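The primary structure of each chain is shown beneath.
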There are 2 protein chains.
Amino acid sequence: MTYCVGMVLDKGLVLMSDTRTNSGVDNISTFRKMFSWSVPGERIISIMTAGNLATTQAVISQLEERTKAPVERRPSILEAPTMFQIATIVGHLLRDVIEGRQDAGMQGEGPRFTASMIVAGQIKDMEPRLFLIYPEGNFIEASFDTPFFQIGETKYGRPILVRGYDKGMSFEDAVKLLMVSFDSTLAANLSVGLPFDLMVIERDKFEPLHQKRITAEDPFFKLISSSWGEALRSAFYSLPDYAFDD
Amino acid sequence: MTYCVGMVLDKGLVLMSDTRTNSGVDNISTFRKMFSWSVPGERIISIMTAGNLATTQAVISQLEERTKAPVERRPSILEAPTMFQIATIVGHLLRDVIEGRQDAGMQGEGPRFTASMIVAGQIKDMEPRLFLIYPEGNFIEASFDTPFFQIGETKYGRPILVRGYDKGMSFEDAVKLLMVSFDSTLAANLSVGLPFDLMVIERDKFEPLHQKRITAEDPFFKLISSSWGEALRSAFYSLPDYAFDD
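Residues numbered from 1 in each chain as written. Chains lettered and ligands numbered in written order. Predicted model: local features only at pLDDT ≥ 70, side-chain atom pairs only at ≥ 80, totals over all residues. Heavy atoms only, no water.

**With respect to the interface of chain A and chain B**
Counting residues at the interface gives 47 residues for chain A, matched by 48 residues for chain B. Interface area, chain A with chain B, both sides summed: about 4600 Å², of which 65% is carbon and sulfur. Summed over the shared surface of chain A and chain B, the result is 6 salt bridges. In this structure, the salt-bridge partner of Glu153(B) is Lys155(A), at a minimum N-O distance of 2.7 Å. Across the chain A-chain B interface, the total number found is 14 residue pairs in polar contact (both at pLDDT 80 or more). Of all the secondary structure elements, the ones that give two or more residues to the side of chain A that touches chain B are α3 (158-164), α4 (171-188), β11 (196-202), β12 (208-214) and α5 (219-237) of chain A. Broken down by element, the residue count for the side of chain A that touches chain B peaks at 13 residues, all from α5(A). (Contact = heavy atoms within 4.5 Å. Buried area = accessible area lost by both parts, 1.4 Å probe. Salt bridge = Lys/Arg side-chain N within 4 Å of Asp/Glu carboxyl O. Polar contact = N/O pair within 3.5 Å; in protein donor to acceptor, adjacent residues only side chain to side chain. Helix = DSSP H or I, 4+ residues; strand = E, 2+ residues; numbered from the N terminus.)

Here it is in structure tokens:
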């Protein structure tokens, strides 16, 4: 499994992903699931991936080859004029890779090579945008009503995001919120694991404002993880008391 | 879907279940998922169910018929000498019902009639006990390390249970904790719905200490639901601040 979250704020975009991949609990590895490209001053694009690793790596490799070989006939994400077109490119590629594997595999009961992706970024003179790409290649865009996307093991960390998110929050608070959401997931599910990758993209900057790999030794994450349990218990005990009225 | 939680405390047992069943989002009904039997002064048994409604109703009906017809040859849960034997009876019945439906259905790709159950209770001169029954008919028992069980849509409400549970807590605090856990689930998932059923079983009492149906109009649940969002945000903002160190 995997856990990745991308959110849109007034100030820009904040992304976080874990790095655990597993095929059963006895075959665990660390793989990066966040990838980014930028043309300084013009565009920044970041992609996070969940699902079958062979599928997501094939998609990313093909995207990277395209950015390296501009003579290639099919469009490159560094040349597409809008984020919408970039999401379309990634969606088509994802669907093609999944369908290719499916055809090559066994009919019907074969293994499933499914995957989903979050695409985030901004191109000069346009708004920062955030998309969730489905295995079928189609996608949805974050909006005022749904300002963040999660992929992978999304449920444990969702309640705090729903409650804590605020469009106007600072980047620092957004990072803190993501750390709490990831910590809740980590505490409940073995298939999500440290280290985490973090990227903060400020509006109209076109390069990462802040980028970090958060390891198990990261002092801030350790502090959040230990203080959140305490803060949650205090919050709980601050609630009004239940009374047996019968 | 469904959400049910059973927990063991020093003081006894606390159980809560939702009542939503759905077959698609356009076919929603309310069905009780908590059932209980008691022999005052001697035993109390409570069962919560998740999964295919036809399956769980068949199991409960058969259990009830047995309690009504003592001439019946197979053992009744009101006569079994231990909670362990009661869990065994429920497990066998559950497996038999699921296998019967499976055989009657299509081979291979047919619908799945799976279900799981939480069995809780106490018999005189023995400890209160809590079991999780799997569709295969086998079961596990709650222990010091795992003092509560969840069935159904378990993930959203798990982080607060993991953080807030304390073996020595009062019944009132346990009910409050369950309400927060159910509220978090409700906020994130349409397949879990009000009203909830609540039962508190005090050690060595053999009848419910407190039993209640919590509706959407329940003033305490409404208060918890509105104050928890605020308490969670305060807890979040009480955490140390993140600083971009590069």
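Alright, that's what it looks like, and here's the rest.
**Quick notes on the pairing of strand β5 (residues 34-39) of chain A**
Residues and elements named next belong to chain A. Bridge analysis of β5 against strand β6 (residues 43-51) gives 6 bridges, and the strand direction is antiparallel. Bridge pairing links Met 34 to Met 48 in β6. Count of turn residues in the β5/β6 antiparallel hairpin: 3 residues, of which Gly 41 carries a positive phi of about 80 degrees. (Pairing = 2+ DSSP bridges.)

**Quick notes on the relation of the copies chain A and chain B**
Between the two copies, chain A and chain B, the superposition gives an RMSD of 0.0 Å; the rotation angle is 180 degrees and the shift along the axis is 0.0 Å. Read as a symmetry element, the transformation amounts to a two-fold axis. Across chain A, the smallest distance between a C-alpha and the rotation axis is recorded for Tyr156(A), namely 2.4 Å. (Least-squares fit on C-alpha atoms with pLDDT ≥ 70 in both.)

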